[in-house]
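# Working through the structure, step by step
Residue strings, one per chain:
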Amino acid sequence: MHFSTPGGPFLRHLRVWHAVAASLVVVAVVVAVVVFLVLRPSDGVRSVANSPCRPTASAREDTPAPPDLDGDGFADLVHEMSRSLKVDVVVVPGSEHGPDRDRTTVLTQNDLGVPDDIQVGDDGWQPTVADLDEDGHADLVVSGAARIVWGGPGGPRAGGPHGRVPLPGDGYHTAPIAGDFDGDGHTDLAVYRDWSEDRAVVVLHGPFKRSGAPAGTAEITGPVSEGASPVLAAGDANDDRATDLALYDSPYDPPLLFTGGARTGTGLSEKPERLPVGENVVFGDFDGDGRQDIAVGRSFVDGDDEIDTPHRRGQVTVRYGKEPGKWITMEGGDFKEGFGAGLAAADFDGDGCDDLAVQLTRKKEAGDARIEVLRGGSEHGLGSKPWRATERSVPGDDGPVDASLFAVHDWDADGRAELALFGGDTWWITDGTHHDETSFPLNPDKPLGGR
């Protein structure tokens, strides 16, 4: 699962694993002929009631494991906060009741071994959680410094063993993203470097030594136009068990998809496929056939709130793994409402098909948001009508502050995923309706307010 949300990086880079900044020179690509079908929310594809989704192993096995740092079987809520030029990582352990705020752990910049001169902004990210040294325990990779806090039976801890991924050159602003890009069975890391005219996708091959050193390093230069700021998403778009890499959220280029398992130094195809124009990309098995599908969101809302949004509906364009030459576009929300500003794929009803959470945002920097869920089904895939809808807000100095989509996981391990929403320094864990599994402030010592 992977997703992107509007606003600054903390509200924008969701994704299962995380996000990476970028920019570059466009390379020529060979584009397959695709078919577009526009579906209005009032008609068209409908979700299938009680869908008998029965995905095979491949799509689920190639999806990154949930961020279970302590190995207790419950996904943890992990987020990196960069405030006042300091980096902290907050871990809220999962439980049968969802994230347990009473057991919150904060790893400070000193705990993480992040140097004081690291480039950070005033927003946060999802750090990388993956088993890099193949000892059976999840490790934590933090910030553009790529510091590793090695896992153990109780998870990464302050004072525990550390490492550092030796990223070549400078210009790294986010944690690397994990995947098996060369298909050799070892977890690799990919990250974007943006430093003056030196811009590239860097792939570090696993397994990693306890020092943080990879088995090898290779680069792809020039994938997007100069001045763009795409992020990275990982998934398996062709069911070959090698992780593919998408670059998206560029105002200058369509999203690009690099196929994994190639006979190149990086393990990724030399030339990417151009996807339909959009600002975010997510992978999920929406029809339950065992193959991952691709969804691209396009809200038509500019990141600069001073630029007017065109009078049209936002859209989500989907390609199913069983029909790789066909794209289906669904329009949603009202005109200028920003349907498609954020996406997240997960199985919210436990039927075996992934559903798609779609964020709507009229003004990205303002942080206003609501979330609609399109239901997946075995017959047609995603339905075009919202199946669930939700929004949360807390009072702010300039009016209500709405919560944006941050992550999706099965936080309570009941077989059904939930959404983690964040806004106004408050977390909500919800099933996509107005029901909260739990809600709590970002600061464990602060009382909860809002609705």
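Parameters at a glance
- Residue indices follow the written sequence of each chain, beginning from 1 at its first position.
- In keeping with the model being predicted, local features are shown solely for residues with a pLDDT of at least 70 and side-chain atom pairs are shown and tallied solely at 80 or more, while totals for entire chains, interfaces and linings include all residues.
- By convention in this description, side-chain values take in all heavy atoms of the structure and omit both hydrogens and water.
- Secondary structure follows DSSP: runs of H or I at least 4 residues long count as helices, runs of E at least 2 residues long count as strands, and numbering of each begins at the N terminus.
- Under the scheme applied here, a residue whose accessible area is under 20% of the maximum for its type counts as buried, over 50% as exposed, and between as partly exposed, the area being computed with a 1.4 Å probe on protein chains only.
- The contact criterion used throughout is that any non-hydrogen atoms of two residues lie within 4.5 Å.
- Note on areas: these come from Shrake-Rupley sampling with a 1.4 Å probe, and a residue is covered only by the protein chains present in the view.
- With a 1 Å grid laid over protein atoms only, a set of points is called a cavity when a 1.4 Å probe fits there but cannot get out and a pocket when it is open yet has protein on both sides within 12 Å along at least five of seven lines; lining residues have an atom within 4 Å of a point.
- Grid points are joined across faces, edges and corners, and a volume is the space filled by probe spheres set on the points.
- Just so you know the grouping, Ala, Val, Leu, Ile, Met, Phe, Trp, Tyr, Cys and Pro go in nonpolar, Asp, Glu, Lys and Arg go in charged, and all remaining residues, Gly too, go in polar.
- Two distance rules govern patches: like charges are joined within 9 Å, and nonpolar side chains (Val, Leu, Ile, Met, Phe, Trp, Tyr) within 5 Å, applied only to residues with over 30% relative accessible area and no salt bridge.
- The term salt bridge refers to a pairing of a side-chain nitrogen on Lys or Arg with a carboxyl oxygen on Asp or Glu at a separation within 4 Å.
- Charge assignment: positive for Lys and Arg, negative for Asp and Glu; neither His nor the chain ends contribute.
- All charge positions are set by atom: Lys at NZ, Arg at CZ, Asp at CG, Glu at CD.
- Note on ring pairs: Phe, Tyr and Trp rings are taken, using the six-membered ring of Trp, and paired if centres are within 6.5 Å. Classes follow the plane angle, with under 30 degrees stacked, over 60 edge-to-face and the rest tilted.

## Regarding the overall build of the chain
Looking only at helices and strands, the chain features three helices and 30 strands. With 451 residues in all, the chain has 57% of them scored as buried. Counting only contacts in the chain whose residues sit at least 6 apart along the sequence, the fraction spanning at least 24 positions is 55%. For the chain, the computed accessible surface area is about 17,100 Å², with 48% contributed by carbon and sulfur atoms.

## Side note on the environment of arginine 101
With respect to the secondary-structure elements, arginine 101 resides in the loop between β3 (86-92) and β4 (105-107). Taking the C-alpha atoms as reference points, arginine 101 and serine 439, separated by 338 residues in sequence, lie 8.9 Å from one another.

## Observations regarding empty space enclosed by the protein
As enumerated under the stated definition, the model contains three cavities of 30 Å³ or more in all. Here the second largest cavity defines a volume of roughly 50 Å³. For the second largest cavity, the lining is made up of 10 residues, of which Val92, Thr104, Phe440, Pro441 and Leu442 are closest to its centre. Elements with a contribution of two residues or more to the lining of the second largest cavity: β3 and β30 (436-441). The class makeup of the residues in the lining of the second largest cavity is seven nonpolar, two polar and one charged.

## Side note on a negative patch on the surface
A surface patch of like charges, here negative, comprises Asp302, Asp304, Glu306 and Glu365. Structurally, aspartate 304 can be placed in the loop between β18 (293-298) and β19 (314-319). A relative accessible area of 37% places aspartate 304 in the partly exposed class.

## Observations regarding the packing of aromatic side chains
Scanning the model with the defined rule gives two aromatic pairs in all. When the centroid spacing of 5.0 Å and the interplanar angle of 75° are considered together, the rings of phenylalanine 406 and tryptophan 427 count as edge-to-face. One end of the pair, phenylalanine 406, is in strand β27 (residues 404-409); the other, tryptophan 427, is in strand β29 (residues 426-430), and 21 residues separate them in sequence. Across the pair, exposure class does not vary: phenylalanine 406 and tryptophan 427 are buried alike. On the numbers, 4.7 Å between centres and 55° between planes, the contact of phenylalanine 422 with tryptophan 427 is tilted. A residue is classified by how much of its surface remains accessible, and phenylalanine 422, at 6% relative accessible area, is buried. With relative accessibility at 0%, the residue tryptophan 427 sits in the buried group.

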